[in-house]
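Summary of the model geometry
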Amino acid sequence: MLTFPTSTEHSMQQQLSARGLRAWRNAIFTIFALSGLSLATWVSRLPAVRDELGIDTLQLGVLIFCMSAGSVIGLIAAPVVINRIGAKAGMVGALIVVSIGLVLIGVGSDLAASSPVVGLGLALFGFGNGTCDVIMNVEAAAVEKQAGRTLMPLMHAFFSFGTVAGAGLGALASGLAVPILVHTTVIAVAIAVTVLAVIRFVPSGAEADDAASAAASPRVPFRQRLVDALAVWKDVRLLLIGVIMLGMAFAEGSANDWLTIAVVDGHHQDNTVGAIVFWVFTASMTAGRIAGGPVLDRFGRVPVLRVSALLGVIGILLFIVSPLPWLAFVGTVFWALGCSLGFPVGMSAAADVDDPRLSAARVSAVAIIGYCAFLVGPPVIGLLAHQFGILGALLLILVLVVLAGLASPAARENHPSPVPAR
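Now for a quick tour of the structure.

Rules of the game
- Throughout this description, residue numbers start from 1 for each chain and increase along the sequence as written.
- Local features in this predicted model are restricted to residues whose pLDDT is 70 or higher, and side-chain atom pairs enter the listing and the counts only when it is 80 or higher, whereas totals over whole chains, interfaces and linings include all residues.
- Heavy atoms throughout the structure, all of them, feed into the side-chain values; hydrogens and water do not.
- The definitions used throughout rest on a 1 Å grid laid over the protein atoms alone, on which a cavity is an enclosed set of points accommodating a 1.4 Å probe that cannot get out and a pocket is an open set flanked by protein within 12 Å on both sides along at least five of seven lines; lining residues are those having an atom within 4 Å of a point.
- Grid points are joined across faces, edges and corners, and a volume is the space filled by probe spheres set on the points.
- Numbering of helices and strands runs from the N terminus, with a helix taken as a DSSP run of H or I at least four residues long and a strand as a DSSP run of E at least two residues long.
- Each residue is assigned to one of three groups, with Ala, Val, Leu, Ile, Met, Phe, Trp, Tyr, Cys and Pro labelled nonpolar, Asp, Glu, Lys and Arg labelled charged, and all others, Gly among them, labelled polar.
- Multiplying 1.5 Å by the residue count of a helix minus one yields the expected span of that helix.
- The bend reported for a residue corresponds to the angle between axes fitted to the seven residues ending at that residue and the seven starting there.
- Residues adjacent in sequence count toward polar contacts only when both atoms are side-chain atoms; beyond that, a polar contact is any pair of N or O atoms within 3.5 Å, and within protein one must be able to donate a hydrogen and the other to accept it.
- In this text, buried Ala, Val, Leu, Ile, Met, Phe, Trp, Tyr and Cys residues form a nonpolar core when linked through side-chain atoms within 4.5 Å.
- With a 1.4 Å probe rolled over the protein chains alone, any residue whose accessible area is under 20% of its type maximum counts as buried; one over 50% counts as exposed, and the rest are partly exposed.
- Here, two residues are considered to be in contact whenever any of their heavy atoms come within 4.5 Å of each other.
- Throughout this description, the term salt bridge denotes a Lys or Arg side-chain nitrogen within 4 Å of a carboxyl oxygen of Asp or Glu.

Describing empty space enclosed by the protein
This model, assessed by the stated rule, comprises two cavities of 30 Å³ or more. If you add up the space inside the largest cavity, you get close to 70 Å³. Forming the boundary of the largest cavity are Phe159, Ser160, Thr163, Glu252, Asn256, Phe278, Phe281, Thr282, Met285, Thr286 and Arg289. Elements with a minimum of two residues in the lining of the largest cavity: helix H5 (152–175), helix H9 (236–266) and helix H10 (271–299). At six residues, the largest contribution of residues to the lining of the largest cavity is made by H10. Residue composition of the lining of the largest cavity, grouped by class: four nonpolar, five polar and two charged.

Here we look at H10
Across its 29 residues, H10 extends 40 Å between first and last C-alpha, which sits within 8% of the 42 Å expected from 1.5 Å per residue. A bend of about 45° at glycine 292 is the largest found in H10, and the proline proline 294 appears one to four places after it. One side-chain oxygen at the N-terminal end of H10 lies 3.1 Å from the backbone nitrogen of threonine 272; it belongs to aspartate 270. Following H10 by one or two positions, glycine 300 adopts a phi angle in the positive range, close to 90°.

What about the layout of surface pockets?
Quantified by volume, the second largest pocket comes out at close to 150 Å³. Around the second largest pocket, the lining residues are Ala287, Gly288, Ala291, Gly292, Val295, Val304, Val307, Ser308, Leu311, Leu337, Ser340 and Leu341. Secondary-structure elements contributing two or more residues to the lining of the second largest pocket are H10 and helix H11 (301–321). In the lining of the second largest pocket, the residues fall into eight nonpolar, four polar and no charged.

Observations regarding the nonpolar core
Membership of the largest hydrophobic core comes to 111 residues, with the highest contact counts inside it found for Ile28, Ile31, Trp42, Phe319, Trp335 and Ile397. Take this core: its biggest share by element is 16 residues, from helix H3 (residues 57–111). Sequence-distant contacts of isoleucine 28, defined by excluding residues within four places in its chain, comprise Met91, Met136, Glu139, Ala140, Val143, Met155 and Val202.

Re the pattern of salt bridges
In this structure the tally under the stated criterion is three salt bridges. A salt bridge links aspartate 51 to arginine 50, with the nearest nitrogen and oxygen atoms 2.9 Å apart. Of the residues examined, aspartate 51 reaches a relative accessible area of 43% and is grouped as partly exposed. Among the residues examined, arginine 50 registers a relative accessible area of 9% and is labelled buried. Three or more residues joined by partner-sharing salt bridges are found here, namely Arg50, Asp51 and Asp265.

In structure tokens:
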């Protein structure tokens, strides 16, 4: 079981002023947004990259797999990065790698017309984002602990804000026929400069305190830790929560990489329309996440998940079979709203047990399922699209969202009152 070091005791010995805490919080907000901006930049220009390279959906799926492989390696490497150089330097390094990857994607598309160069850029891009994803969530938990109130949902909303901005800029760049290299280089420089500007507001030195504290505490033998970690996989309810995570994360991750291609190839629109539809998807995802907390508090997890799955099914069906472009837009909105809450609700449901130690193992298990869906889903869609066409391939997402809806009772609250997601 992959486990990540936490910084929930981050700087507890060094009480920050209210101003310092706000600056730290805002810096992490910004880093979440930069991660979203980078992802949307790549996705919004994906059809143009495909056209420049002259490749089919199978070859494009292989390129996306390079990013997925890099992301997995980044997720695994993140704990080592935190332990070796700390979260502060780790986030800077990860986003610099993301920036280098974006530039290489542009070079491989416009200058070299080389799939291997683009693949290398995507591998670096995925590695940087995978590493940053873990570290920024660790830092977000540390800020939340220090602030004494829930901030994690808002952190993830800032990621969505970044994707909305990136998708909008991508649509504009496509409409103005801005070369891919120019676009990706401008965004890469903006990301690198911004992270270097805001990282000074992140406290340093606390990671070493945490490491020393962990070293001083008694260690559980590896064999026992392995047994405890594997035991949670015997829990049928947890596996059903994993089904929810799988379906909803697959729907979100596949849309991130294939929605623009589906608009261009499946509905025969131009690249700019594809970028605009992706912007609609990201904006709808953001709206769903912002509104999701109060809705979950009011109605509870199971009803919200059932309605979400229904919205997702309607939206995906509309998108696939729609004969009219505006109906595909409506379908995109429903699709995004339907999958916007699946990941946070699944995490919350997994953690909703009385034993904190068991809670950590359960969250780790469903996180692995969710991230696998995010990373493996897009290449699978690419392989299916090569055989059945891109719109036909999207039917797999429909099936998984239906299964997620059927599994929704597993996410019921452990206590009488609803527990907000994350």
